[in-house]
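Summary of structural features
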Amino acid sequence: MERFTVEPLRVVDFVEHVRRRPKMYFLVEQGSPELPTEVLRAVAWDALHRRDGRHGQISVEIGSDLSFTVESDQRPSSDERERLLPGFFGSLLDMFDMQRWAPSAAAALSVRTVIEVWLDGHGYRQELAGMDPTGSQEEFSVSKPFRTRVTFHLDPSFCGPHEAIAWALRSEELHGEACKEHPSPPTFPIHDLRSEAEKSVSE
């Protein structure tokens, strides 16, 4: 009888899985010049769509070719609020359930992620390297009751030297065509700091 040997099964963690198969999350493979834009598109789409099917309010800021910030009015559920109380363990990204995978997948491709969650007059801030917290949460006072602000610095060694977030993006480009139940796509501000810097240099 012929004998077969089976390699031991190994569980691949989420970060490794995203880096091995970015196309499963962001529609394009590693090495595609569209990858940074597709990461931004996924995070913006995620932030824009609420659990009840309605559109929220978001804004996008592009800080550099490989960094961007998405701010939204997403509100944590009651269970997620409990995890933000003192004694919370892990990352603030844990407040996003599995249906909101985009922020976690974007963090997996980032060298630095800064998360700020505003809840009932209190702010919680945390930095990550990949998906690992680099320190404990910091608390601060805020003026708005609910807000989530996440900044991603994509890994230049993963994205490649000539890849960059597309210029002159419009909100309908980031929203895409996947939301067919809303005939009028929402508009939201996109601030590209690269354009402002280029303008100031030319003046």
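Scope of this entry: the structure provided in the associated data block. (Residues numbered from 1 in each chain as written. Predicted model: local features only at pLDDT ≥ 70, side-chain atom pairs only at ≥ 80, totals over all residues. Heavy atoms only, no water.)

Time to look at the overall build of the chain. Helices and strands together make up the secondary structure of the chain, namely 8 helices and 8 strands. A buried classification covers 43% of the 203 residues belonging to the chain. Summarising the internal contacts of the chain: among those between residues at least 6 apart in sequence, 64% fall at separations of at least 24. Total accessible area on the chain stands at roughly 11,900 Å², and carbon and sulfur atoms take up 53% of it. (Helix = DSSP H or I, 4+ residues; strand = E, 2+ residues; numbered from the N terminus. Buried < 20%, exposed > 50% of the residue type's maximum accessible area, 1.4 Å probe, protein only. Contact = heavy atoms within 4.5 Å. Areas by Shrake-Rupley, 256 points an atom, 1.4 Å probe, with all protein chains shown as cover.)

Checked against the element boundaries, threonine 151 lands in strand β7 (residues 146-154). Sequence spacing of threonine 151 and isoleucine 62 is 89 residues, and the spatial spacing of their C-alpha atoms is 9.4 Å. A polar side-chain atom of threonine 151 sits 2.6 Å from a polar atom in the side chain of threonine 69. (Polar contact = N/O pair within 3.5 Å; in protein donor to acceptor, adjacent residues only side chain to side chain.)

Proximity of charged atoms lets side chains of opposite charge pair with each other. Following the criterion strictly, the structure yields 13 salt bridges and no others. Note that arginine 112 is salt-bridged to glutamate 127, the shortest N-O span being 3.0 Å. Highlighted residues: arginine 112 in strand β3 (residues 110-119) and glutamate 127 in strand β4 (residues 122-129), separated in sequence by 15 residues. A relative accessible area of 32% places arginine 112 in the partly exposed class. Under the relative-accessibility criterion, glutamate 127 is labelled partly exposed at 23%. Residue arginine 170 pairs with glutamate 172 through a salt bridge whose shortest N-O separation is 2.8 Å. When its relative accessible area of 45% is taken as the criterion, arginine 170 is described as partly exposed. What emerges from the salt-bridge pattern is a single network uniting Arg112, Glu116, Arg125, Glu127 and Glu138. (Salt bridge = Lys/Arg side-chain N within 4 Å of Asp/Glu carboxyl O.)

One water molecule sets the probe size; rolling that probe over the atoms shows where empty space is left. With the rule as written, the count across this model stands at 1 cavity of 30 Å³ or more. Considering only enclosed or pocket space, the largest cavity measures out at about 80 Å³ in volume. Mapped onto the lining of the largest cavity, the elements with two or more residues apiece are α3 (35-48), β2 (67-72) and β7. Along the lines of polarity and charge, the residues of the lining of the largest cavity split into 7 nonpolar, 2 polar and 2 charged. (1 Å grid on protein atoms, 1.4 Å probe; cavity = no way out; pocket = protein on both sides within 12 Å on 5 of 7 lines; lining within 4 Å. Points joined across faces, edges and corners; volume = space filled by probe spheres on them. Nonpolar A, V, L, I, M, F, W, Y, C, P; charged D, E, K, R; others polar.)

When you tally the buried positions in β3, you get 8 out of 10 residues, the bulk of the element. Relative to β7, β3 is paired through 9 bridges, and the arrangement is antiparallel. Across the sheet, the residue bridging to serine 110 is leucine 154, located in β7. Of the pairings in the sheet, the one linking β3 to β4 comprises 7 bridges and is antiparallel in character. Its bridge partner lying in β4, valine 117 is registered against tyrosine 124. (Pairing = 2+ DSSP bridges.)

The quantities given are spatial measurements derived from coordinates; they are silent on function.
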